[in-house]
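Structural overview
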Amino acid sequence: MAAVKAHELRNKNKAELVKILDEQKQALANIRVQKVAGGKTQEIGEARKNVARVLTVINQTQREQLRLFYQKKAFTPLDLRVKKTRAMRRALTPFEKSKKTVREQKKLAHFPLRKYAVKA
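Please read these numbers as outputs of a predicted model, since none were measured by experiment. (Residues numbered from 1 in each chain as written. Predicted model: local features only at pLDDT ≥ 70, side-chain atom pairs only at ≥ 80, totals over all residues. Heavy atoms only, no water.)

**As for helix α3 (residues 43-69)**
In this model, α3 (27 residues) spans 40 Å end to end at C-alpha, consistent with the 39 Å of a helix rising 1.5 Å per residue. Listed as buried for α3 are Ile44, Ala47, Asn50, Val51, Val54, Val57 and Ile58. For α3, the elements touching its buried residues are α1 (6-9) and α2 (14-37). (Helix = DSSP H or I, 4+ residues; strand = E, 2+ residues; numbered from the N terminus. Expected span 1.5 Å × (residues − 1). Buried < 20%, exposed > 50% of the residue type's maximum accessible area, 1.4 Å probe, protein only. Contact = heavy atoms within 4.5 Å.)

**Focus on the packing of α2 against α3**
Contact geometry for α2 and α3: axes closest at 9 Å, N-to-C directions at 160 degrees. By the criterion of interaxial angle, the relationship of α2 to α3 is roughly antiparallel. Handedness of the crossing formed by α2 with α3: left-handed. From α2, Lys14, Leu17, Ile20, Leu21, Gln24, Lys25, Leu28, Ile31, Arg32 and Lys35 reach across to α3, where they touch Glu43, Ile44, Ala47, Arg48, Asn50, Val51, Val54, Leu55, Val57 and Ile58. Classifying every residue of the contact of α2 with α3 gives 12 nonpolar, two polar and six charged. (Axes fitted to C-alpha atoms, helices over the stretch in contact; angles between N-to-C directions. Parallel < 35°, antiparallel > 145°, perpendicular 65-115°, else oblique. Left-handed = near helix turned anticlockwise from the far one by under 90°. Nonpolar A, V, L, I, M, F, W, Y, C, P; charged D, E, K, R; others polar.)

**A short note on the nonpolar core**
Counting residues in hydrophobic clusters, the biggest one holds 13 residues, and the most contacted among them are Leu9, Leu17, Leu21, Leu28, Val54 and Ile58. Those elements giving two or more residues to this core turn out to be α2 and α3. In terms of residue count, α3 provides more of this core than any other element does, six residues in total. With residues up to four places along the chain from it excluded, the contact list for Ile58 reads Lys14, Leu17 and Leu21. (Core = buried A, V, L, I, M, F, W, Y, C linked by side-chain atoms within 4.5 Å.)

**Details of the environment of Lys12**
Mapping Lys12 onto the fold places it in the loop between α1 and α2. Under the relative-accessibility criterion, Lys12 is labelled partly exposed at 34%. Separated by 45 residues in sequence, Lys12 and Val57 have C-alpha atoms that sit 9.8 Å apart. When residues no more than four places from it in sequence are discounted, the contact partners of Lys12 are Leu17 and Ile20.

**Details of the pattern of salt bridges**
If you walk through the whole model with that rule in mind, you get two salt bridges. Of the charged contacts in the structure, one is a salt bridge between Glu23 and Lys19, with a shortest N-O distance of 3.9 Å. Of this pair, Glu23 and Lys19 both sit in helix α2, four residues apart, roughly one helical turn. Among the salt bridges present, the one from Asp79 reaches Arg63, with a minimum N-O distance of 3.8 Å. Of this pair, Asp79 sits in the loop between α3 and α4 (86-90) while Arg63 sits in helix α3; the two residues are 16 residues apart in sequence, bridging distant segments of the chain. On the accessibility criterion, Asp79 (51% relative accessible area) is exposed. Using a relative accessible area of 33% as the deciding quantity, one classes Arg63 as partly exposed. (Salt bridge = Lys/Arg side-chain N within 4 Å of Asp/Glu carboxyl O.)

Right, here's the structure in full:
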């Protein structure tokens, strides 16, 4: 059994991927039957990884399509949002950081930074 290449799967459509997935699952089932009958056992690992590769490509393409769909929307689902860290997600935005209170605005207007001419 030859290993399925992920880069070859990426340019296939959903129907072809589902067909390949069914074939790989069927092959895995056959290998399991052979194992019970006393056949080779090292092929099971490769078959399981082939199924995992196909599923991974299906999920990645599906998420990519969902990201494109929600790109122009006001809100995106939680699982499609950028993960970052909890602290980074809760941090103030640059606009919020730049806001100044009325008191601070008055202080900056009445007491600007002094400019000094330093002699060399």
